[in-house]
Amino acid sequence: MPTPCCLNCGRPVDPAAVFCAACGQRTDTSRLNLRDVARDLTQTFVGVERGPLAFAWALLVRPGEVARDYVEGKRRRHYGPFATLVVLVGLTTLLVNLSGYQVLSQDGLASTPTGLLQRHFNLLLLLQVPLLACAAALLFRGDRLRLAEHMVLAAYAMSVRAVILALVVPIAYLRAAQAPGPGEVLAFWLAWYVYFGWAASQFYRGARWRSWLLGMAAAALAHAATMAVLFAASIGYEALAVR
Ligand SMILES: [Zn+2]
């Protein structure tokens, strides 16, 4: 009997092995059948041990622990932070633009840049991840984490925020509101500060209340930095538009 070879990379495989030692493909791969398709769609879609609903629940109720697992190398347990973020931000942006809900109308920018940002809402959400990670890196210097590791927490937390926004927008739309009121915008940001502080209290070491407060401060700092970037961009945009 000839030694079996991996169908992906062609190297000989141990007949007892479940995965090829060289490339990691399953050794029981044969011609594609419907069971493979089902498996591809469910479990091995992104190589996550638990299903998307279990992951969504874990992310919602303990975002900081999910981020810590990921940073500590338990990578197959959860969906990756950046893929999760890009997918959820994409869905939220689609919903916001389909509904025509003026999410940014209370942020005090001129109408043209606001319209532009509304259309590129995904970029606005994604921009906040490195800003949030930098704010966290500044306030949690003592944890000696890398910027990329702070970004894992920022990306998971921003993913949850995108989902919340995606749920708020259709509700507002059904209530026939065209734009959030100032009170609603304030409540949204305050809830976000508290949520990110709570996520930080799970993610960072040290006393939980201290991490919570520092996390809230990081969220506020990132919010201020985002607004500063937007105002600078808005002034630049107006200056160019006038000419
Ligand atoms: Zn192989």
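Sequence order sets the numbering: in each chain, residues are counted from 1 along the sequence as written. With the structure being a predicted model, the display of local features is reserved for residues of pLDDT at least 70 and the display and counting of side-chain atom pairs for 80 or more, all residues being used for whole-chain, interface and lining totals. Note that water and hydrogens are dropped before the side-chain values are worked out from all heavy atoms of the structure.

Overview of unusual backbone geometry
The phi torsion at arginine 144 lies on the positive side, around 55°, for a residue other than glycine. Starting at the N terminus, helices and strands are each numbered in turn, a helix being any DSSP run of H or I of at least four residues and a strand any DSSP run of E of at least two. Relative to the elements of secondary structure, arginine 144 occurs in the loop between helix H6 (121-139) and helix H7 (147-174).

What to know about the nonpolar core
We call a set of buried Ala, Val, Leu, Ile, Met, Phe, Trp, Tyr and Cys residues a nonpolar core when their side-chain atoms join them within 4.5 Å. Burial status follows relative accessibility: with a 1.4 Å probe on protein chains alone, a residue under 20% of its type maximum counts as buried, one over 50% as exposed, and anything between as partly exposed. Counting residues in each nonpolar core, the largest one holds 53 residues, and the members touching the most others are Phe121, Leu153, Tyr156, Trp192 and Phe196. Of all the elements in the fold, those that place two or more residues in this core are helix H2 (52-61), helix H3 (63-71), helix H4 (81-99), H6, H7, helix H8 (182-203) and helix H9 (208-242). Looking at which element gives the most residues to this core, the answer is H7, with 12 residues. Whether two residues are in contact is decided by their heavy atoms: any pair within 4.5 Å suffices. The residues touching tryptophan 192, leaving out its near neighbours within four places in the chain, are Leu132, Ala157, Met158, Arg161 and Ala219.

Considering the coordination of the zinc ion
Water is absent from the atoms considered, so a metal site may look incomplete; donors are defined as N, O and S atoms within 2.8 Å of the metal, or 3.2 Å for Na, K and Ca. Those donors, Cys6 (SG), Cys9 (SG), Cys20 (SG) and Cys23 (SG), are the protein atoms that reach the zinc ion, and they lie 2.3 to 2.4 Å from it. For four-coordinate sites, all angles between 85 and 135 degrees define a tetrahedron; for four- and six-coordinate sites, opposite donors beyond 155 degrees with the remaining angles between 65 and 115 define square planar and octahedral shapes respectively, and all other cases count as irregular. Classification of the site at the zinc ion as tetrahedral follows from its four donor atoms and the range of 105 to 114° in their angles at the metal. Site description for the zinc ion: donor spacing in sequence, C-x2-C-x10-C-x2-C. For cysteine 6, a relative accessible area of 6% puts it in the buried group.

Examining H4
The end-to-end C-alpha separation of H4 is 27 Å, in line with the 27 Å expected for 19 residues at 1.5 Å each. Within H4, burial applies to Pro81, Thr84, Leu85, Leu88, Val89, Thr92, Thr93, Val96 and Ser99. Burial along H4 is one-sided: seen end-on, the buried residues are contained in an arc of 150°. Opposite the packed face of H4, turned more than 90 degrees from it, sit the exposed residues Ala83, Val86, Val87, Leu94 and Leu98. Where H4 terminates, the next one or two residues include glycine 100, which has phi positive at roughly 70°. In this scheme, a helix's expected span is set at 1.5 Å multiplied by one less than its residue total. Working note: the arc is built from the helix axis to C-beta atom directions.

What to know about the packing of H3 against H7
Between H3 and H7, the shortest axis-to-axis distance is 9 Å and the interhelical angle comes to 145°. Crossing angle aside, the handedness with which H3 passes H7 is right-handed. Along the contact surface, H3 presents Pro63, Gly64, Val66, Ala67, Tyr70 and Val71, while H7 presents Glu149, Val152, Leu153 and Tyr156. Looking at side-chain class alone, the contact of H3 with H7 contains eight nonpolar, one polar and one charged residues. Angles here are taken between N-to-C directions and fall from 0 to 180 degrees, while the axes themselves are lines fitted to C-alpha atoms, restricted in helices to the stretch in contact. Note on convention: near helix rotated counterclockwise from far helix by under a right angle means a left-handed crossing. Clockwise means right-handed. Throughout, the ten residues Ala, Val, Leu, Ile, Met, Phe, Trp, Tyr, Cys and Pro are labelled nonpolar, Asp, Glu, Lys and Arg are labelled charged, and all others, Gly among them, are labelled polar.

Describing the confidence of the model for the chain
Scored from 0 to 100, pLDDT records how confident the predictor is in each individual residue. Of the residues in the chain, 90% reach a pLDDT of 70 or more, and the chain-wide mean stands at 84. Here helix H1 (residues 34-41) stands out as the least confident element of the chain, with mean pLDDT 70; H3 is the most confident, with 93.

Here we look at the packing of aromatic side chains
When two rings of Phe, Tyr or Trp (its six-membered ring) have centres within 6.5 Å they constitute a pair, described as stacked for plane angles under 30 degrees, edge-to-face for angles over 60, and tilted for the intermediate range. For the structure on display, the rule yields eight aromatic pairs. An aromatic cluster of at least three residues, connected via ring pairs, comprises Phe55, Tyr70, Tyr79 and Tyr156.

Side note on the state of the cysteines
Simply put, the disulfide is a covalent bond whose two ends are the sulfur atoms of two cysteines. Here, a disulfide means two cysteine sulfur atoms that sit within 2.5 Å of each other. Evaluated as defined, the whole model comprises zero disulfides. Sulfur of cysteine 5: no disulfide; nearest cysteine sulfur belongs to cysteine 6 and is 8.4 Å away.

Quick look at a nonpolar patch on the surface
A surface patch of nonpolar side chains, amounting to about 520 Å² of accessible area, comprises Trp57, Leu60, Val163, Ile164, Leu167 and Val168. Where the nonpolar patch is concerned, the elements lending two or more residues are H2 and H7. Considering every element that reaches the nonpolar patch, the biggest residue donor is H7, with four residues. Residues enter patches when their relative accessible area tops 30% and they take part in no salt bridge; the joining distance is 9 Å for like charges and 5 Å for the nonpolar side chains Val, Leu, Ile, Met, Phe, Trp and Tyr. Areas reported as accessible are Shrake-Rupley estimates using a 1.4 Å probe. Residue values count occlusion only from the protein chains shown. For this document, the term salt bridge refers to a Lys or Arg side-chain nitrogen within 4 Å of an Asp or Glu carboxyl oxygen.

As for the packing of H3 against H8
Running from N to C, H3 and H8 point in directions that differ by 40°, and their axes come no closer than 7 Å. In terms of their interaxial angle, H3 and H8 are classed as oblique. Between H3 and H8 lies a crossing of right-handed hand. The segment H3 lies against H8, with Pro63, Gly64, Glu65, Ala67, Arg68 and Val71 engaging Tyr195, Trp198, Ala199, Gln202 and Phe203. Looking at side-chain class alone, the contact of H3 with H8 contains seven nonpolar, two polar and two charged residues. Note that the term roughly parallel is reserved for angles under 35 degrees, roughly antiparallel for angles over 145, roughly perpendicular for angles of 65 to 115, and oblique for everything else.

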